[in-house]
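Each chain, written out:
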Amino acid sequence: MRKLLFVIPFSILFLHIAVAQQPEKLNAVEIHEAIKKLNFLGSVLYVAAHPDDENTRLISYMANQIKARTAYLSLTRGDGGQNLIGPEIRGLLGVIRTQELLAARRTDGGEQMFTRANDFGYSKHPDETLAIWDKKEVLNDVVWAIRKFQPDVIINRFNHRTPGSTHGHHTSSAMLSVEAFDMVADKNIYPAQLKHVDIWQPKRLFFNTSWWFYGSRENFEKADKSNLLEFDTGVYYSDLGLSNTEIASLSRSQHKSQGFGSTGTRGTQTEYIELIKGELPKDRTNIFEGIDTSWNRVVGGKAIGDILYQVERDFDFKNPARSITQLVKAYQLINKLENAHWKKIKSKEIKDIIVATAGLYLEAVSKESYTTNSNEITINIEAINRSAAPIILKSIEISSIGVSKNIDIPLENNSKKNYELKGKITNTDYTSPYWLKDKGTLGMYKVSDQKLIGTPETNHHTKAVFNIEILGTPISYQKDIIYKTNDPVKGEVYKPFEIIPAVSASIKDKVIIYANGPAKQIPVILKAGKPNLEGSVSLSHPDGWTVSPESIEFNLSQKGEEKTLVFTLTAPKNQSEGYISPKVNLQGKTYSDEVITIDYDHIPFQTVVLPSETKVVRLDIQKKGQNIGYIEGAGDIVPESLQQIGYQVTKISPESISEATLKPFDAIVVGIRAYNTVEELKFKQKHLLKYVENGGNLIIQYNTSHRLKVKENLGPYPLKLSRDRVTNENATIKLLATDHPVLNTPNKITSKDFDGWVQERGLYFPNEWSDEYTPILASNDKGESEKKGALLVSKYGKGYYVYTGLSFFREFPAGVSGAYRLFANMLSLGK
């Protein structure tokens, strides 16, 4: 489901339902677990930097064994990572990884929060990280998250005392958490927040330490643990038939774009947390010692507890509806609480429990998967009470289409009610990730609405409100309007109902390289968000470029209809670059957005509306050779980029690799992390090296030493991969082998070719190699020694072997001219 709901771990038995976005339907065991959680008034906030940094064992333990309200604050959305499942990078990868985190939290029972910090790539020191992020603003967001969530306990994933020893984002997350701990109770710090939240003071702050932070298990065994708490997170949940560690592995395995599939374990597993601030509990296994987590915590809570503890004890697993009378009484009392924080949380929880105990199913389904503003839609309503509880459906309101229908009909046991409501969507924002709406900086997303900051995803404005009366008590339920179809294989398939522009315009290629001639045809794809559209399209372009014709008229009669209009764009004679963007004029209004969809089985369907633009580059480039074979790795757009500069690229399946299949190609390129992800390559490497020996040109892009499939003969001569990298994209490049063909033929490579690179120079360079390899370049980050392994070339037999950790997979999508020129030289070796 799109909206983060209160869940418990038992839902993992039905993960395919959650992923398909179907409504949550709790069984009796799950309802009872929800009641236990309802009766616990304590919160834990876990803090780290990225998706997949979180300790899912500890999050699951706190949420499911302790029953605490548990959230993970990930400072970033992981936008700067790699993508093992598809071509999306940067902002779109952040959308995927956000949803993977939400899938992980649906699995382990936690909640998810963020800041506006942008994952700009690997950083070696928190000084760099905090400068790029804008420390003041990210600290603002951390303080906001703590004041909003009001945790009793905060647990940092990383050590704030060891800057420079790990990823700068990691250390920064801990440093900001420690600093925020002492700020959140001060009303003079970030006072604008107090219009929406109250000041708050957590009781304790911990660091989630382990032997890894001590260098070895032996060192950790010898270490003083008097300041540590410990928990056995390997506890077994008999109702589920799973250990906590198995749940944690299922949760971690949701990070599929990062290749973090995890095998479940069983048995005792100890987690340690070190006290950083606050009073150390005497009971080293009780993180909440001295904190009242019962209903007595809030004024007026005792009466609620008297009811709900009895409901928990007397719960009828065969007839959960027997608890409804007492649950409704407790709901009435919760709504009278003075404590607004717990009132809001527990009111939501008990409402969900009441629905579940009654078997009450409420659904609002659109007949269409998407629509536009000012368009009429039809919503099908289903309401059914599957219990003997007296429930009346009073009314249904859908404000986004201006509909309010009075019904006032009893919902009899197992008697379904259906209604059809119609109305026009008016002044509703597009359904798109809110943090991508406005252009931010390298280190920060721009979010103008304070209340949105930190929320995991965009809150859908198209909702149906069901006003119910249960035992004479009015209760309202909001449901996102959704769209569903029947798939002959998957069965019932749910998707979010989306609001999109009346017309979208896109150019398929996000970078267009002019390397062979001054003019190219630019296809602009229009798609109708509604029927009967007539207008015109023009193409904005940089100075010095010319476009023909100036505009093209179009007609789209059907909703969803696509039409491709072709412009001719002519580049200037000299090297130049800029951006083009389609502008659609429709009834006096200009549209310039494209609609991007992201569809993977493990996350909900995503719709992203972004400004439509393409970078165009007039490139001074020469090349030799024509036919390139490409062996795909973890996912990149290098093949498409090479086609842009005139190469004929053929993708080669690993299974088909042989001396015969490789022979026709002028060069073979192996995609990023192929030797980490393609099992077949360990059987085919001998053919690739034989291809080189016979006169071929083999280019291998970066891999990591971890989980390397081919270890003994990655190259024709010994080389060893390392974690060496240069993260500063502007770091000085020294040309070491100035006479080598790779720097001279057919393009003369100079330092100017390394201007304008993005995110980094490169990563996971070899740090040891035999004398047969020639290091071509040297570079380093500030304060570090030179790294010479970014580009290694070796003659082998009649051909050339090239290993490169330079981040071409990032530079090509950014249209970096020098990256194309250098890669053309690599492909031209031996020609």
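The structure this text deals with has already been given above.
Residues numbered from 1 in each chain as written. Predicted model: local features only at pLDDT ≥ 70, side-chain atom pairs only at ≥ 80, totals over all residues. Heavy atoms only, no water.

Trainee: Go over the overall build of the protein chain, please, and point to the residues and values.
Mentor: Helix and strand counts for the protein chain stand at 18 helices and 43 strands. Against the globule reference of 28 Å for 831 residues, the protein chain gives a C-alpha radius of gyration of 29 Å, in line with a compact fold. In terms of principal-axis extent, the alpha carbons of the protein chain reach across some 85 × 75 × 55 Å. Across the 831 residues of the protein chain, 58% fall into the buried class. Summarising the internal contacts of the protein chain: among those between residues at least 6 apart in sequence, 74% fall at separations of at least 24. Within the structure as shown, the protein chain displays about 33900 Å² of accessible surface, and the carbon and sulfur contribution to it stands at 47%. (Helix = DSSP H or I, 4+ residues; strand = E, 2+ residues; numbered from the N terminus. Rg over C-alpha atoms; globule rule 2.2 N^0.38 Å. Buried < 20%, exposed > 50% of the residue type's maximum accessible area, 1.4 Å probe, protein only. Contact = heavy atoms within 4.5 Å. Areas by Shrake-Rupley, 256 points an atom, 1.4 Å probe, with all protein chains shown as cover.)

Trainee: Go over the environment of S540, please, and point to the residues and values.
Mentor: For S540, the position within the fold is in strand β24 (residues 533-540). Given the relative accessible area of 28%, S540 is considered partly exposed. With 338 residues separating them in the primary sequence, S540 and P202 have C-alpha atoms 53 Å apart. Setting aside its immediate chain neighbours within four residues, S540 contacts Y579, I580, S581 and K583.

Trainee: How would you explain the packing of helix α10 (residues 301-313) against helix α11 (residues 324-334) if you had to name every residue and give the values?
Mentor: Where α10 meets α11, the axes come as close as 9 Å, and the angle between the chain directions of the two elements is 155°. With respect to each other, α10 and α11 are oriented roughly antiparallel. In this structure, α10 crosses over α11, and the sense of that crossing is left-handed. Listed contacts from α11 to A303, I304, I307, L308 and V311 of α10 are Q326, L327, K329, A330, L333 and I334. The residue makeup of the contact of α10 with α11, split by class, is nine nonpolar, one polar and one charged. (Axes fitted to C-alpha atoms, helices over the stretch in contact; angles between N-to-C directions. Parallel < 35°, antiparallel > 145°, perpendicular 65-115°, else oblique. Left-handed = near helix turned anticlockwise from the far one by under 90°. Nonpolar A, V, L, I, M, F, W, Y, C, P; charged D, E, K, R; others polar.)

Trainee: Which residues make up helix α3 (residues 56-65), and what values go with them?
Mentor: Burial of α3 is extensive: eight of the 10 residues sit out of reach of the surface. For α3, every residue scored as buried is listed here: T56, L58, I59, S60, Y61, M62, A63 and N64.

Trainee: Account for the sheet that holds strand β42 (residues 791-796), with residues named and values stated.
Mentor: Spatial ordering of the open sheet is given by β34-β33-β35-β36-β43-β42-β40, a layout of seven strands whose pairing is mixed. Two strands close off the open sheet at either side, each with one partner strand: β34 (648-651) and β40 (773-775). In this sheet, neighbouring strand axes are inclined to one another by 20° on average, regardless of whether the strands run parallel or antiparallel. Helix-sheet contacts for helix α18 (residues 817-828) involve β33 (627-631), β35 (667-670), β36 (697-700), β42 and β43 (799-804), and the interaxial angle to β36 is about 140°. (Pairing = 2+ DSSP bridges.)

Trainee: So what's going on with the nonpolar core? Residues and values would help.
Mentor: Membership of the largest hydrophobic core comes to 57 residues, with the highest contact counts inside it found for W295, I350, I354, L393 and I396. Among the elements that make up this core, the one with the highest residue count is helix α12 (residues 340-358) (eight residues). If we skip the residues at most four places from it in the chain, I396 touches I381, V403, S404, K405, I407, Y419, L421, V465 and F466. Among the nonpolar cores identified, the runner-up in size contains 51 residues, and A737, A819, A824 and L829 belong to it. (Core = buried A, V, L, I, M, F, W, Y, C linked by side-chain atoms within 4.5 Å.)

Trainee: Quick one: what's the story with the pattern of salt bridges, residue by residue and with numbers?
Mentor: Once the charged atoms of two side chains with opposite charge are near each other, the side chains can pair. Evaluation of the coordinates by the stated rule reveals 39 salt bridges. Here R69 ties to E111 by a salt bridge, and the two come within 3.1 Å at their closest N and O atoms. Highlighted residues: R69 in strand β2 (residues 69-74) and E111 in strand β3 (residues 111-114), separated in sequence by 42 residues. Residue classification places E111 among the partly exposed positions, given a relative accessible area of 27%. The salt bridge partner of K394 is D408, with a shortest N-O separation of 2.8 Å. Of this pair, K394 sits in strand β13 (residues 391-398) while D408 sits in strand β14 (residues 403-410), placing them 14 residues apart in sequence. (Salt bridge = Lys/Arg side-chain N within 4 Å of Asp/Glu carboxyl O.)

Trainee: Account for empty space enclosed by the protein, with residues named and values stated.
Mentor: Overall, the coordinates contain six cavities of 30 Å³ or more when judged by the stated rule. In terms of lining residues, the largest cavity is bounded by T428, D429, Y430, T431, T458, N459, H460, H461, T462 and I499. A breakdown of the residues in the lining of the largest cavity according to their chemical character gives two nonpolar, seven polar and one charged. (1 Å grid on protein atoms, 1.4 Å probe; cavity = no way out; pocket = protein on both sides within 12 Å on 5 of 7 lines; lining within 4 Å. Points joined across faces, edges and corners; volume = space filled by probe spheres on them.)

Trainee: Report on unusual backbone geometry, specifying residues and quantitative values.
Mentor: Across the junction of S548 and P549, the peptide omega takes the value -10°, indicating a cis bond. Residue P746 is bonded to the preceding T745 through a cis peptide linkage, with omega at -5°. Positioned with a positive phi, Q150 is a non-glycine residue whose angle comes to about 55°. The exposure class assigned to Q150 is buried, which follows from its relative accessible area of 10%.

Trainee: Can you tell me about the side chain of E498, naming the residues and giving the values?
Mentor: Relative to the helices and strands, E498 is located in strand β20 (residues 498-499). Within the local environment of E498, its side chain forms a polar contact with the side chain of T607, the two groups lying 3.0 Å apart. (Polar contact = N/O pair within 3.5 Å; in protein donor to acceptor, adjacent residues only side chain to side chain.)

Trainee: Before we move on, could you go through the packing of aromatic side chains and cite the residues and values that matter?
Mentor: Applying the stated rule across the entire model yields 21 aromatic pairs. On the basis of an interplanar angle of 45° and a centroid distance of 5.7 Å, the ring pair of F808 and F812 is categorised as tilted. One aromatic cluster in this structure is built from F754, W757, F808, F812, Y820 and F823. A cation sits over an aromatic face here: K351 above Y477, 5.3 Å from the ring centre. R725 extends its terminal NZ or CZ atom over the ring of Y764, reaching a point 5.1 Å from the ring centre. (Phe/Tyr/Trp six-rings, centres within 6.5 Å; stacked < 30°, edge-to-face > 60°. Lys NZ or Arg CZ within 6 Å of the ring centre and 35° of its normal.)

Trainee: Tell me about the side chain of H602, and name the residues and values.
Mentor: Secondary-structure assignment places H602 in the loop between β30 (593-598) and β31 (606-611). Within polar-contact distance, the side chain of H602 engages the side chain of E100 at 2.8 Å.

Trainee: Account for the sheet that holds strand β21 (residues 503-506), naming residues and giving values.
Mentor: Across the sheet, four strands lie side by side as β21-β23-β27-β25; this open sheet has antiparallel pairing. Among the strands making up the open sheet, the edge pair consists of β21 and β25 (546-548). The average angle at which neighbouring strand axes cross in this sheet is 30°, direction not considered. With four bridges connecting them, β21 and strand β23 (residues 519-528) associate as antiparallel partners. Bridging across to β23, S506 finds its partner in I525.

Trainee: So, α18: which residues are in play, and what are the values?
Mentor: Here α18 contains 12 residues, and its C-alpha end-to-end distance of 17 Å stays within 8% of the 16 Å for a straight helix at 1.5 Å per residue. Burial analysis of α18 places 12 of its 12 residues in the buried class, the great majority of the element. Listed as buried for α18 are S817, G818, A819, Y820, R821, L822, F823, A824, N825, M826, L827 and S828. Looking one or two residues beyond α18, the residue adopting positive phi is G830, at roughly 80°. (Expected span 1.5 Å × (residues − 1).)

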